[in-house]
Amino acid sequence: MTAIDPRLPLFLGLMSGTSADGIDAALVQFPTEGGCHFVQGHTHDWEADTRAALIALGQGHEPDSLDTLGQLDAQVGMAFAAAANRLLASAGVDARQVRAIGSHGQTIRHRPLAAPGFTWQIGDANRIAELTGITTVADFRRRDVAAGGHGAPLMPAFHLAMLGSTDEDRAVLNLGGIGNLSLIARDGSLRGFDTGPANALLDGWCQRHLGQAFDADGAFAASGQVDEGLLARLLAEPWFALPPPKSTGREQFHLAWVEARFDGRPLAPADVQATLLELTAATVADALLAHLPQVRRLLVCGGGVRNPQLLRRLQARLPGVVIGSSAEQGLDPDYMEAMGFAWLAQQTLAGLPGNLPSVSGARGPRILGAIHPA
């Protein structure tokens, strides 16, 4: 824990991503001169049954009933509140010291290209406000979709505010369940988009074949060989060729999508893991070189920053780029997105836009999120 500046309000961000591997909670302050002061973080485990239900919904499965979905919405909200309360207790911070919580919720559907487009995150923010006693801002994505955007990714605006530089072109790579890039040019212009699957496929395959939640240090992938035929078939997915703005999720990239491209041949599980890791490295590198070819620095955050095998493969595909953790710039890579949603809550309460039309494709800047008072 780092010291709290008594002159600045506290904000708390809550995030659970595509992998649904836990709820990240971050307690932060935003100095008036800019930047983000990270006070403390906590990752809250999902109950096994809840996580299984969320992953199934994220992969396109239908809920048993509306009652089941309504109860899950309440349960997720209660879990988010528990994550916030656990962080506050650990940090010794009274809820009355926190100006607001920014909660992402849990995505169960993301269909921005449907007619009409929509995105859906559950995790009842009323429950969060009630159980924490803190004003809660949530439902950040749907206003951008209503304005014609993808509602994702939302982190590029935060990355620009925290990591922009007039000295060099930079890219920020979030390796969560889905990979996404923020491309920050030195002139202040910015683009951002999803690159495709990252930890969601790697974690799912590892869980199935090793019974482990994730591939620690990329050892499972490193023990196999890339199957070039499978990699070519995976890369032939038309989504990868779409121009930005674009976003995706587990409903599109899941293990059944992978298995449909096995071409009827038996494949060693370790070889599949190696191929999935190479798929992530290839799609990130291809997107970066296509849209910011002059970039010389790539800052990585999200769970994938802990996978040295993935970082090695990225470096091999980007030999002229310096690849490092966002920690080098003072932003904890494990809590980047949670910090980002704390920042979005601050934007909302200040009446400031939280989206970037150059990223999402929305018709213009919009104030995002709904406010649930304490």
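Residues numbered from 1 in each chain as written. Predicted model: local features only at pLDDT ≥ 70, side-chain atom pairs only at ≥ 80, totals over all residues. Heavy atoms only, no water.

## Re the pairing of strand 5 (residues 106–111)
The test is simple: Pairs of strands are assigned from DSSP output, requiring at least two bridges between the strands. In this description a helix means any DSSP run of H or I spanning at least four residues, a strand means any run of E spanning at least two, and both kinds are numbered starting from the N terminus.
The pairing of strand 5 with strand 6 (residues 118–122) spans 5 bridges and is classified as antiparallel. Paired with R111 across the two strands is F118, which belongs to strand 6. As consecutive antiparallel partners, strand 5 and strand 6 are separated by 6 residues.

## Let's talk about the nonpolar core
Note the cut-off: In these notes, a set of buried Ala, Val, Leu, Ile, Met, Phe, Trp, Tyr and Cys residues joined through side-chain atoms within 4.5 Å is what counts as a nonpolar core. Burial classes: relative accessible area under 20% of the type maximum marks a residue as buried, over 50% as exposed, and values in between as partly exposed (1.4 Å probe, protein chains only). By the convention used here, residues are in contact when the closest approach between their heavy atoms is within 4.5 Å.
Of all hydrophobic cores here, the largest spans 44 residues; its most connected members are L181, L288 and L298. Tallying contributions element by element places helix 10 (residues 269–291) first for this core, with 10 residues. Among residues more than four places away in sequence, those in contact with L288 are A171, L181, L183, P293, V295, L298 and L318. Counting 33 residues, the second largest nonpolar core, distinct from the first, contains L154, L190, F341 and A345.

## A closer look at the packing of aromatic side chains
Worth spelling out the cut-off: Two rings belonging to Phe, Tyr or Trp (six-membered ring only in the last case) form a pair when the distance between their centres is within 6.5 Å. Interplanar angles under 30 degrees mark stacking, angles over 60 mark edge-to-face geometry, and anything in between is tilted. Definition used: whenever NZ (Lys) or CZ (Arg) falls within 6 Å of the ring centre and also within 35 degrees of the ring normal, the charge is taken to sit over that ring.
A complete count under the given rule lists 10 aromatic pairs for this structure. Between the aromatic rings of W239 and F253, the centroid separation amounts to 5.7 Å while the plane-to-plane angle is 80 degrees, which identifies the pairing as edge-to-face. Taken as a pair, W239 in the loop between helix 8 (228–235) and helix 9 (255–259) and F253 in the loop between helix 8 and helix 9 lie far apart in primary sequence, 14 residues in all. Each member of the pair W239 and F253 is classed as buried. The interplanar angle of 90 degrees and the centroid separation of 4.8 Å between the aromatic rings of F253 and W257 together place this pair among those described as edge-to-face. A relative accessible area of 0% means that F253 is categorised as buried. Lying over the aromatic face of W239, K246 brings its terminal NZ or CZ to 4.2 Å of the ring centre.

## Description of the pattern of salt bridges
This is how it is decided: What counts as a salt bridge is simple: a side-chain nitrogen of Lys or Arg found within 4 Å of a carboxyl oxygen of Asp or Glu.
Summed over the entire model, instances satisfying the criterion amount to 16 salt bridges. As a salt-bridge pair, E168 and R170 come within 2.8 Å of each other at their nearest N and O atoms. Residue R170 is classed as buried on the basis of its relative accessible area, which comes to 11%. For E259, the salt bridge goes to R208, with nearest N and O atoms at 2.3 Å. Of the two residues, E259 is situated in helix 9 and R208 in helix 6 (residues 199–210); the sequence distance between them amounts to 51 residues.

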